[in-house]
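# Per-entry structural report
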Amino acid sequence: MKLRTLRKVIFWLFVILYFITAPIITLHALGFVFDPVSKSLVKTGIISIATEPRQADIFLNEHFHDKTPAAISGLKPGFYRVKISRKGYQDWARELEVRQEEVSRIEHILLVSKELQLSKPFAYPLEAFLASDDDKYLFLIYSARNKITVLAYDVKKKKSFPVIELDTKEFQANSIEISSSIDEKRVLAGFQNGSQTNYAVSLISEDALPVFLSKLISEPISNVRFHPHDSEKLFYLSGNQIGLLDLKDRSNKINIVNSVISFEVIGDKIYCFDLNQNLFTVDLEGKRMVDLLPNPGLKKFLFGGDDFKPYLTFMTEKGTTFWLSEKGKLLMNRLPYFIDEDVKSIKLAPDAEQLVYWKGKELWLLDLQTAGKRDSFFEEGPQKKLIWRSDKRILFAQIIRQGSYVVAATNRTIELIEIKSLNEGFAPSWTIAEHWADDGLSIHLDEASGKMYWTGCYREERREACETDLFDPSLFSFSIKLKKPYRSPAQVSFS
Amino acid sequence: MIQFLSHTQNQNRILRRVFEIIPGFISWSVLLLFITVTAVAPIAGAILVVLFNLFWVFRLFYMTTLIVLSYSILDQEREANWHERCEELMNLPESEKKIKDRINYLYQELKKLRHSENKIKIVRKFRSERVHLSRVKRLIQSKLEIPDYRSVYHVVIFPAFHEDMRILKDALDSIKTANYSLDRMIVVVAFEDREGQGAKEKAEMLYKSYGNVFFHLLATFHPADLAGEKPVKGANASWAAKKAKEFLDEKKIPLQNVLISCFDADTCVTKGYFNSLTYHFLIHEDRMRLSFQPIPVYHNNVWEVPAFARMMDTGSSFGQLIESADPDHLVTFSSHSMNFQTLVDVNYWPVDMISDDSAIFWRCFLHFKGRYKTIPINVTLSMSIIVGKNWLDTFIKIYKQRRRWAWGIENFPMVMEGFVRDSEIPLSVKITHVFKMLENHVSWATWGFIISLFGWLPIIWGGREYGLSVLSYNLPKITGLIFHIAGISVIVTLVISFLILPKRPSHVSRLKNLTFILHCFLLPFILTTLLALPALDAQTRLMLGRYMTFQVSSKVKNQKA
């Protein structure tokens, strides 16, 4: 055959092949399959399932289909009973609707081990864990022999060293608040006993020498915060005055704002509550900027006549601020919006799109994406939803895996609660650990390593600190390191 | 006579501008169509991507098949004795018998041998001889009068501007050793007068070294700023050709018996090139209406350049292999040859166009009312790969070179204008040529973007509704499958590119081959930046009437070889 003829034959062969395959592939791409029963093309849907760990069996209407991760295509529209099962793990089951031309994605499933694999990385019976802002360090609180010790645990190097020690003969303490400076070089610990707090600041290093602020400031102080740009400067509340202490020049103490009962340093602003419950901001030098809540009627409605002294504050990158008062009132935004009362505590998701708070035995979810955009009292508030109820008091909750799950601890169990794609009713939950009865149960979840650390009393025995692998972060394809929102110092109580 | 008018000579300015706008307009429309459809209806955009990717993979396989076919022909003619074949054209009946005997002998040899390298060589010879025999038989049947091959002269023009002396010497040395009778070889080194004293000195040196080697060595100096001319290679080559004509007229050598080759200054001919060219010239009845196109390979400095540069030029060689499989629409590219009288008849190369290599074909095509062809000759010519001071410089230089090649689209308005004014060329011929030219240039400017970038658009712009669709799930799977299948084509072309390569010099590490293979992973980036973007750039310039000027590509010879 001549080259010219051969070329033409090949050309037309490919043209014919194209026109045969193009419609077939297009229809396949759109989800059409040939139904031999009706002898016609039917539109189908897909269920895409990914689990962690992988290689779990997928059952659709009790029939085994595949192992995870998998996408089961060619499914006729309708409801399917999906069960995921893996040896050694608790089953996951759900009724799922498959719609034509749509993919039902359930790619977030964390399977919970039937038997918890525990390790005890810390030799001491720790009282509590608190994490530094970027999770570089865990601050471990250890109490023994008339001493309360704060140890810094380098998560990467897996090495701990003491940074601050308090002699309980001199000062009794039953709770502690800890914060670290933005540069992660210094740690500030506030040991509380009733209304008195003894503050100490120290470098986070093995040979650190802590400085007790009571030795520098003779008056009782509270509300100590790092300067946002200089970790050697501290704001503190003494009486009703906000002072600024320079650790380089310890005699240098400046009063910057008067008549204040509480304050919070967020970004380059200091949010102050004064004696008359006015909320206003000052700059870092104490110059008054904005009165945020000038309306007395509104103030009365929001604060209800109580002294609104925020003890927990969050601020997201978008500027949304959450205030939780000592008496459990939860407010939101610069011009505060009332969310709920009797709130025990709150926790903002790292991506700042959701927030969980708990009150008694109830766990509530606040979807911040649904909040109105206007920054005023009359704006549409975020959608709040009761997502889970326990038979015990809730002590702690944290959103993990970009809004897919919440890990919640009661004073009996630690639970994994699935909140992704939650529609009606309570969220399904799986028990991770049981019998950790302890009012002072302290948990830290490190998303970067997939590890969960906690300390509590197992079956009411001696207090222990444990570590377990909750998930493998390398398998979490959507994992991104998010900048954490501002939060006021973390606080734990201990016996 | 239909004249081929460049944009400085146009008669109907509006019509010319319309034709100048068309290629860029189509390319931009294709790109904007993909973008707009995806932005407005992501599902429709995704279907468009699937259909295009499928089209692309079929087209890729089609092109790969043509590369394999053309390479097999190139390979089969590798050891052909073209001089002997030219001699055999003198006495066809006797030659037919001789060739048959040779074929029979090879056939017997083949029967004896099993699985050896020799067998491959003999198969190659066997197939080559059969092709030669069929041609001889055809010539006997047609009773074509074949001129004596000893009466055929060759004029080779090397337009040179600031070229390195070593590059020129290598080019002339390759002619010296090309197994063609040097007393029928006229070499013209065409310098630009504006190069100044340097050009004169180079000419002196060449006269000293090669003055007595060829039938005649001529150095010409093209004056700058001649009326109607632009500083382009075609102007210099035409000036040199006119000077060569003066010499031929003086020697009373009929121009019909002279083949003229216009080579880039770095072109090194392979042994047998001129014999092969003579053979192909002689066996065609309409030899005065033919251009001859060898396969350019870029081997002069292939082991010295960055792998991505080598990849680009291997791609160009493959492009020419593909084109050579379609002689009905083959257009001259880079170094090519034709009859001198034909060149004179069409008034030489265009003196104001950058793409003189392809423009000369279209000039002849229009002059001879469509009865003009380019014949592929299965012999390689080796040239240098463009290279800069460093990777970035090389990258920029390659970009500019590709843009210059893509500026070949400047032929489109001229060809269209010629077609509009011509009534004798059959409409079907006009349509197929216009379609092929547009299709080539539009796919050149758009494919890279569509393949490398646009597949992502539905995912980026699709939004929630698209993200939940079956199509959003199937698109990456189908595209992935298509690209995996396309990998077969990449492997085949990779194997052929290694088969074409000259032997690796001892000073070059084996790792060089590995880097070349690894560079294949940069293909999406190269497709976009060094293929599609320069072509789109050139078409946009033409569309906006911002005409390009000629820039000489600097090429470096292997220093260590």
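Owing to the predicted nature of the structure, the values given are computational and were not obtained by experimental measurement.

### With respect to the overall build of chain B
The helix and strand inventory of chain B stands at 20 helices and eight strands. Based on the C-alpha atoms only, the size of chain B along its principal axes is roughly 80 × 70 × 55 Å. For chain B, with 561 residues in total, the buried portion stands at 59%. Considering only contacts within chain B whose residues lie at least 6 apart along the sequence, 82% involve residues at least 24 apart. For chain B, the exposed area adds up to about 23800 Å²; of that, 60% sits on carbon and sulfur atoms. Taking the 67 positively charged and 51 negatively charged side chains of chain B as two groups, their mean positions are separated by 5 Å.

### Observations regarding the pairing of strand β8 (residues 92-98) of chain A
Residues and elements named next belong to chain A. Where strand β7 (residues 78-85) and β8 come together, seven bridges link them in antiparallel fashion. Within β8, the position partnered with V82 by the bridge is R94. Remark: six residues form the turn of the hairpin made by β7 and β8, two consecutive strands paired antiparallel; G88 in that turn has positive phi of roughly 90°.

### Re the nonpolar core
Residue and element names in this part refer to chain B. Membership of the largest hydrophobic core comes to 100 residues, with the highest contact counts inside it found for W56, V155, I157, L248, I260, F340 and W349. Considering every element that reaches this core, the biggest residue donor is helix α2 (residues 42-76), with 18 residues. One finds W82, I122, V136 and A178 within the second-largest nonpolar core, a separate group that totals 56 residues.

### Structural notes on the sheet that holds strand β25 (residues 279-283) of chain A
Residues and elements named next belong to chain A. Sheet architecture is open: four strands sit in the order β23-β24-β25-β26, paired in antiparallel fashion. Lying at the two open borders of the sheet, with one neighbouring strand each, are β23 (260-266) and β26 (288-291). Averaged over all pairs of adjacent strands, the angle between strand axes in this sheet comes to 25°, irrespective of strand direction. Pairing of β25 with β26, which is carried by three bridges, proceeds in the antiparallel orientation. Bridging from a neighbouring strand, T281 pairs with V290 of β26.

### Let's talk about the side chain of A:T168
When you line up the elements, A:T168 lands in the loop between β14 (159-167) and β15 (175-180). Those residues in contact with A:T168 that sit more than four places away from it in its chain are A:N146, A:K147 and A:I148.

### Description of the sheet that holds strand β3 (residues 216-222) of chain B
Residue and element names in this part refer to chain B. In spatial order, the strands read β3-β2-β1-β4-β7-β6-β8-β5; together these eight strands make up an open sheet with mixed pairing. Of all the strands in the sheet, the pair left with one neighbour each is β3 and β5 (268-269). Bridging between strand β1 (residues 153-160) and strand β2 (residues 185-192) involves seven bridges; their strand directions are parallel. By the bridge assignment, H154 is partnered in β2 with M185.

Rules used throughout
- Residues numbered from 1 in each chain as written.
- Chains lettered and ligands numbered in written order.
- Predicted model: local features only at pLDDT ≥ 70, side-chain atom pairs only at ≥ 80, totals over all residues.
- Heavy atoms only, no water.
- Helix = DSSP H or I, 4+ residues; strand = E, 2+ residues; numbered from the N terminus.
- Buried < 20%, exposed > 50% of the residue type's maximum accessible area, 1.4 Å probe, protein only.
- Contact = heavy atoms within 4.5 Å.
- Areas by Shrake-Rupley, 256 points an atom, 1.4 Å probe, with all protein chains shown as cover.
- Lys, Arg positive; Asp, Glu negative; His and termini not counted.
- Charge placed at Lys NZ, Arg CZ, Asp CG, Glu CD.
- Pairing = 2+ DSSP bridges.
- Core = buried A, V, L, I, M, F, W, Y, C linked by side-chain atoms within 4.5 Å.
- Axes fitted to C-alpha atoms, helices over the stretch in contact; angles between N-to-C directions.

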